[in-house]
Amino acid sequence: MERAATLLDHVLTTAPGAVHLTTADPANVPLYRHFDFTTLGETPLGPLTVTSMARVPR
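So, here is what we can say about the structure in this document. (Residues numbered from 1 in each chain as written. Predicted model: local features only at pLDDT ≥ 70, side-chain atom pairs only at ≥ 80, totals over all residues. Heavy atoms only, no water.)

### Looking at the pairing of strand S2 (residues 38-45)
To be explicit about the condition: Only protein chains enter the accessibility calculation, which uses a 1.4 Å probe; a residue is then buried when its area is under 20% of its type maximum, exposed when over 50%, and partly exposed in between. Counting from the N terminus, the helices are the DSSP runs of H or I reaching at least four residues and the strands are the DSSP runs of E reaching at least two. Strand pairing follows a simple DSSP-based rule, namely that at least 2 bridges must link the two strands.
For S2, a buried count of 0 out of 8 residues is recorded, marking the element as mostly open to its surroundings. In terms of strand pairing, S2 meets strand S3 (residues 48-55) through 7 bridges, oriented antiparallel. Within S3, the position partnered with Leu45 by the bridge is Leu48. The antiparallel pairing of S2 with S3 creates a hairpin that spans 2 residues between the two strands, and Gly46 there sits at a positive phi of about 60°.

So, in structure tokens, the structure goes:
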């Protein structure tokens, strides 16, 4: 997970604006919240629940 966090930190520091993402793995949600993402909503998709998240620049 350290590599993922390093990559995500780089993307967030170089992104010119808000960053949006989706994940179908609930284990990813705490990682994204650690980077100040907020949940926009959850969408059922068959057996999965897709979580939509966004982060505005600091």
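### Let's talk about the nonpolar core
Selection criterion: Take the buried residues of types Ala, Val, Leu, Ile, Met, Phe, Trp, Tyr and Cys, join any two whose side-chain atoms come within 4.5 Å, and each joined set is a nonpolar core. Here, two residues are considered to be in contact whenever any of their heavy atoms come within 4.5 Å of each other.
Listed in full, the 10 residues of the largest apolar core are Leu8, Leu12, Val19, Leu21, Val29, Leu31, Tyr32, Phe35, Phe37 and Met53. Secondary-structure elements contributing two or more residues to this core are helix H1 (2-14), strand S1 (19-23) and helix H2 (29-34). A per-element tally of this core places H2 first, with 3 residues. Apart from residues lying up to four places away in sequence, Leu12 is in contact with Val19, Phe35, Phe37 and Arg55.

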